[in-house]
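# Close look at the chain arrangement
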Amino acid sequence: MICVSSFITFLTNVIPDEPGFIVGPISWVLGVILNFVFNVVYFITENFSLGITIIVVTIIARVLMLPLSFKQQKSMVVMRKIQPEIKKIQDKYKDDMADPEVKRKMNTEMQKLYSQNNYNPLSGCLPLLIQLPIFIALYYIMQNSYAFIDTINDSYMEISNVIVQEVSEDKESGSKLLEQREEVLKIKQKNEGERSDREKELISNYDSNKFIFWYEFSKNDIYPMIPEDMKNPEPDSGDEEFNTLKPEHMVKAFDKLSSSQWKKINDVFKNDKIEENLIKKENIEYFGPGINLTEVAGIGFPGVIITLLSGITTFLSSWLMTRKNKDMGGAAASQQKIMMITMPLIMAWITSGLPCGVGLYWITSNIFMIAQQQILNKYYENKLSLEEDKLNKVIDENPKSKNGKNRKSKR
């Protein structure tokens, strides 16, 4: 329960803490690779550069995992080949499975069959186990893209410096206006026609003041998504209290702001540098039909495209992996069918709560795996078929082997 709770907390913190001793180093390595590939892609094109980078890095990761994938695919082909033998063994003992001794005998025969065919039932799990920390590390990177991608960090720092400068310029007048905040809130409850000229002027000055705006924006939009330990760090931790007028703190929040929140900032500050950097940010982060890769996919358009594709490609990958297992019966077949239906739904549900960039990684990985399965399946099926033909040829050419085989079959 502790592990599950920690994982949920990690996923739901808007500004997450350090990712931990396992995911942390993986995040750092993946971040270095991501930043390098991003710089190459960004040099070629600014548009869709983050999405293209994720696709390229995913392909690199899958290529590096090919040796493991070869073993996994070979095991699956071998499994299909020995499935009739497995079924025979299961049928042989199915009526006495309550007896521990009978169960032990069946397991011994199964292990002997696996050994004779060089099959390891656990060989298919390793690629998935390796993908899990990459999946979580990429989630952390998408939540903190400024910390891993230099170009995004530079844009955020430039925006934060402009905000700090302009807010500081309005600080004196804003501090005086802030003393009238209660009066302003009461005036805003009136209809515009009921307001006096003095009240209209006060509202106009209050709403256009950048110090006031940043105070209200920080209070209502930024502070609710900051973890408590960042707002109130332990006295002996050495950490600073989160400050929305410190550029190194502001960039942490900028990574979490939605498009509508950025529009608020742009409408108030009306600064060319902010506008230029926001256009650059959109060109980098958006992919396809208006999908922001740093925002949660969700179930609304256009993020739902990522959610649906995650589920569909997971289903296709599972279906292609298991469709030739026709000889499998009983509980194993039922379990396989359940997994083939539930896994895509689970992955779609998980993706809906993650940044679209993580979903893009999963979709690309699935598409790569689908193509890989088709190629490797044909290769290993042909290879095993050739090996079988060679063995039969040797038996046919060697009467002793053939007679020995017949004697064994008679026994």
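Residues numbered from 1 in each chain as written. Predicted model: local features only at pLDDT ≥ 70, side-chain atom pairs only at ≥ 80, totals over all residues. Heavy atoms only, no water.

### Section: the overall build of the protein
Scanning the protein for helices and strands turns up 19 helices and 2 strands. Residues counted as buried form 42% of the 411 residues belonging to the protein. (Helix = DSSP H or I, 4+ residues; strand = E, 2+ residues; numbered from the N terminus. Buried < 20%, exposed > 50% of the residue type's maximum accessible area, 1.4 Å probe, protein only.)

### Concerning the nonpolar core
In terms of nonpolar packing, the biggest core is built from 59 residues, with Ile-163, Trp-214, Phe-254, Trp-262, Ile-265 and Phe-269 touching the most fellow members. Residue contributions to this core peak at 9 residues, all from helix H6 (residues 126–143). Setting aside residues no more than four positions away along its own chain, Trp-214 makes contact with Ile-163, Val-167, Ile-222, Thr-244, Leu-245, Met-250, Phe-254, Ile-265 and Phe-269. Formed by 12 residues, the second largest nonpolar core is a distinct cluster that contains Val-78, Met-106, Leu-113 and Tyr-114. (Core = buried A, V, L, I, M, F, W, Y, C linked by side-chain atoms within 4.5 Å. Contact = heavy atoms within 4.5 Å.)

### Considerations on the packing of aromatic side chains
Evaluated as defined, the whole model comprises 13 aromatic pairs. With 5.5 Å between their ring centres and 80° between their planes, Phe-135 and Trp-362 make a pair best called edge-to-face. Residue Phe-135 is located in helix H6, and its partner Trp-362 is located in helix H18 (residues 356–397); the two are separated by 227 residues in the primary sequence. Members of the aromatic cluster, joined through ring pairs, are Phe-213, Trp-214, Phe-217 and Phe-269. (Phe/Tyr/Trp six-rings, centres within 6.5 Å; stacked < 30°, edge-to-face > 60°.)

### What to know about unusual backbone geometry
Note on backbone geometry: most residues besides glycine have negative phi, and most peptide bonds are trans. That bond from Phe-301 to Pro-302 is cis: its omega, 5°, falls within 30 degrees of zero. With respect to the helices and strands, Pro-302 occurs in the loop between strand E2 (291–292) and helix H16 (304–322). Backbone geometry at Phe-48 places phi at a positive 60°, although glycine is not the residue there. Tracing the backbone shows Phe-48 in the loop between helix H2 (23–44) and helix H3 (49–64). Positive phi values are uncommon outside glycine, yet Lys-270 reaches one of about 45°. Considering the arrangement of structural elements, one finds Lys-270 in the loop between helix H14 (259–269) and helix H15 (272–285). Overall, Lys-270 belongs to the exposed group, its relative accessible area being 67%.

### Considerations on a nonpolar patch on the surface
Taken together, the side chains of Leu-308, Leu-309, Ile-312, Phe-315, Leu-316 and Trp-319 present a nonpolar region at the surface, about 530 Å² in accessible area. Examined against the element boundaries, Leu-316 turns out to sit in helix H16. By relative accessible area, which is 35% here, Leu-316 ends up partly exposed. (Patch = residues over 30% accessible without salt bridge, like charges linked within 9 Å, V, L, I, M, F, W, Y side chains within 5 Å. Areas by Shrake-Rupley, 256 points an atom, 1.4 Å probe, with all protein chains shown as cover. Salt bridge = Lys/Arg side-chain N within 4 Å of Asp/Glu carboxyl O.)

### Digging into the packing of helix H11 (residues 210–222) against H14
A pair of packed helices is characterised by two quantities: the angle between their axes and the separation of those axes. Look at H11 against H14: their axes get within 11 Å of each other, and the N-to-C directions meet at 170°. By the angle between their directions, the pair H11 and H14 is classed as roughly antiparallel. For the pair H11 and H14, contact is made by Lys-210, Phe-213, Trp-214, Phe-217 and Asp-221 and by Gln-261, Lys-264, Ile-265, Val-268 and Phe-269, respectively. Here the contact of H11 with H14 is built from residues that sort into 6 nonpolar, 1 polar and 3 charged. (Axes fitted to C-alpha atoms, helices over the stretch in contact; angles between N-to-C directions. Parallel < 35°, antiparallel > 145°, perpendicular 65-115°, else oblique. Nonpolar A, V, L, I, M, F, W, Y, C, P; charged D, E, K, R; others polar.)

### Focus: the packing of helix H8 (residues 171–178) against H11
Two elements in contact, H8 and H11, have axes separated by 7 Å at closest approach and are oriented at 60°. If you check the angle between H8 and H11, you find them oblique. Residue-level inspection shows Lys-171, Gly-174, Ser-175, Leu-177 and Leu-178 of H8 in contact with H11, the latter providing Phe-211, Ile-212 and Tyr-215. Each residue belonging to the contact of H8 with H11 can be placed in one class, and the counts come to 5 nonpolar, 2 polar and 1 charged.

### Observations regarding the pattern of salt bridges
Note on pairing: side chains with opposite charge can pair once their charged atoms come close. Under the defined criterion, the tally for this structure stands at 10 salt bridges. Note that Glu-183 and Arg-198 form a salt bridge whose closest N and O atoms lie 3.0 Å from each other. Of the two residues, Glu-183 is situated in helix H9 (residues 181–188) and Arg-198 in helix H10 (residues 197–208); the sequence distance between them amounts to 15 residues. Overall, the relative accessible area of 30% leaves Glu-183 in the partly exposed class.

### Observations regarding the confidence of the model for the protein
Looking at the protein as a whole, the pLDDT averages 81, with 82% of positions reaching at least 70. Overall, residues 1–14 carries pLDDT values under 50, and its contacts beyond four positions in sequence, including any with other chains, amount to 15 contacts. (pLDDT = per-residue confidence, 0-100.)

### Regarding a negative patch on the surface
A grouping of Asp-150, Asp-154, Glu-158, Asp-272, Glu-275 and Glu-276 is seen on the molecular surface, where their side chains present a negatively charged patch. At the level of secondary structure, the elements contributing two or more residues to the negative patch comprise helix H7 (150–169) and H15. Note on placement: Asp-150 falls in helix H7. On the basis of relative accessibility, which here comes to 42%, the residue Asp-150 falls in the partly exposed class. (Lys, Arg positive; Asp, Glu negative; His and termini not counted. Charge placed at Lys NZ, Arg CZ, Asp CG, Glu CD.)

### With respect to the environment of Asn-120
When you line up the elements, Asn-120 lands in the loop between helix H5 (100–116) and H6. The exposure class assigned to Asn-120 is partly exposed, which follows from its relative accessible area of 41%. For the pair formed by Asn-120 and Ser-75, sequence separation is 45 residues and the distance between their alpha carbons is 6.8 Å.

### Examining H15
Relative to the 20 Å expected for 14 residues at 1.5 Å per residue, H15 spans 20 Å between its end C-alpha atoms, a close match to the ideal helical length. Looking at H15, one finds that the buried residues are Ile-274, Asn-277, Leu-278, Lys-281, Ile-284 and Glu-285. Seen end-on, H15 carries its buried residues on one side only, within an arc spanning 125°. Away from its buried face, by an angle of more than 90 degrees, H15 presents the exposed residues Asp-272 and Glu-276. Elements in contact with the buried residues of H15: H2, H3, H7, H14, strand E1 (286–287) and E2. You can read the cap of H15 off the contacts: a side-chain oxygen lies 2.8 Å from the backbone nitrogen of Lys-273, and it is on Asn-271. (Expected span 1.5 Å × (residues − 1). Arc of directions from axis to C-beta. Polar contact = N/O pair within 3.5 Å; in protein donor to acceptor, adjacent residues only side chain to side chain.)

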